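If you want the building blocks of each chain, they are given just below.
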Amino acid sequence: EFVRVDLNEIVRGVISDLEVRLEQTEGRIKVGNLPTVLADPMQMRQVFQNLIGNALKFKKSGVPPVVQVAAKLGKNGHTIVVQDNGIGFEQEYAERVFEIFKRLHGRSEYEGTGMGLAIVKKILERHVGGIRAESEKGKVSRFILTLANHRDSAEMIKKTFVEDTPRVDNQRQALATEMEKELA
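Residues numbered from 1 in each chain as written. Predicted model: local features only at pLDDT ≥ 70, side-chain atom pairs only at ≥ 80, totals over all residues. Heavy atoms only, no water.

Here we come to helix 4 (residues 116-126). All buried positions along helix 4 are accounted for by L117, A118, V120, I123 and L124. At its buried positions, helix 4 is contacted by helix 3 (41-57), strand 6 (130-136) and strand 7 (140-147). Following helix 4 by one or two positions, V128 adopts a phi angle in the positive range, close to 55°. (Buried < 20%, exposed > 50% of the residue type's maximum accessible area, 1.4 Å probe, protein only. Helix = DSSP H or I, 4+ residues; strand = E, 2+ residues; numbered from the N terminus. Contact = heavy atoms within 4.5 Å.)

And the structure:
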């Protein structure tokens, strides 16, 4: 269900969940002021759990990870950046990292299934947003998320679920109507 979600609270919860890993790696997470968005709170938590968790996992040997999470509001909605000082990857693989079961490293090097970023991408698409990656091998990985602002989200969800679908179930129509009222 899409509700107003304070991403500051979501990220605080994720940091709390990752406390043991942060202590083990001597990692730090710097978080700027994040927006409140219209979203599914559990899915937003999964997005940040995967992105911040990856930043802590793919760290340089002997270098404590530093993860930065920042946001800005633009004319097309919110842009949120999750950046780290980890191992990075060649920019040519920037699309491949979002493909399910595609890994850039062997299972013996790093734990995981190769599903995390594919799930993040699907969640953001469901939220009328997207994600892209920028990286420099051995230096930095930067994941740029886009999310529509409240009004754009309501209008886009209404169009997707109500106007473009001939047989709309009552739950979706009610959601679109509820969002319109909330934003009026």
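With mixed pairing, five strands are arranged side by side in an open sheet as 2-4-5-7-6. This sheet does not close on itself; its edge strands, each paired only once, are strand 2 (28-31) and strand 6. Across the sheet, the mean angle from the axis of one strand to that of its neighbour is 15°, orientation sign disregarded. Two strands pair when backbone bridges link them, and strand 2 and strand 4 (residues 66-74) are joined in this way by four bridges, in the parallel orientation. (Pairing = 2+ DSSP bridges. Axes fitted to C-alpha atoms, helices over the stretch in contact; angles between N-to-C directions.)

Quick look at the environment of L56 now. Looking at the secondary structure, you find L56 in helix 3. The class for L56 is buried, based on a relative accessible area of 1%. Residues within four places of L56 in sequence aside, it is in contact with L18, R21, L22, T25, P65 and V67.

This paragraph deals with unusual backbone geometry. Its identity as a non-glycine residue notwithstanding, E26 has a phi of 60°, on the positive side. With respect to the helices and strands, E26 occurs in the loop between helix 2 (19-25) and strand 2. Located in the positive-phi region is V128, a residue other than glycine, with phi close to 55°. Within the secondary structure layout, V128 lies in the loop between helix 4 and strand 6.

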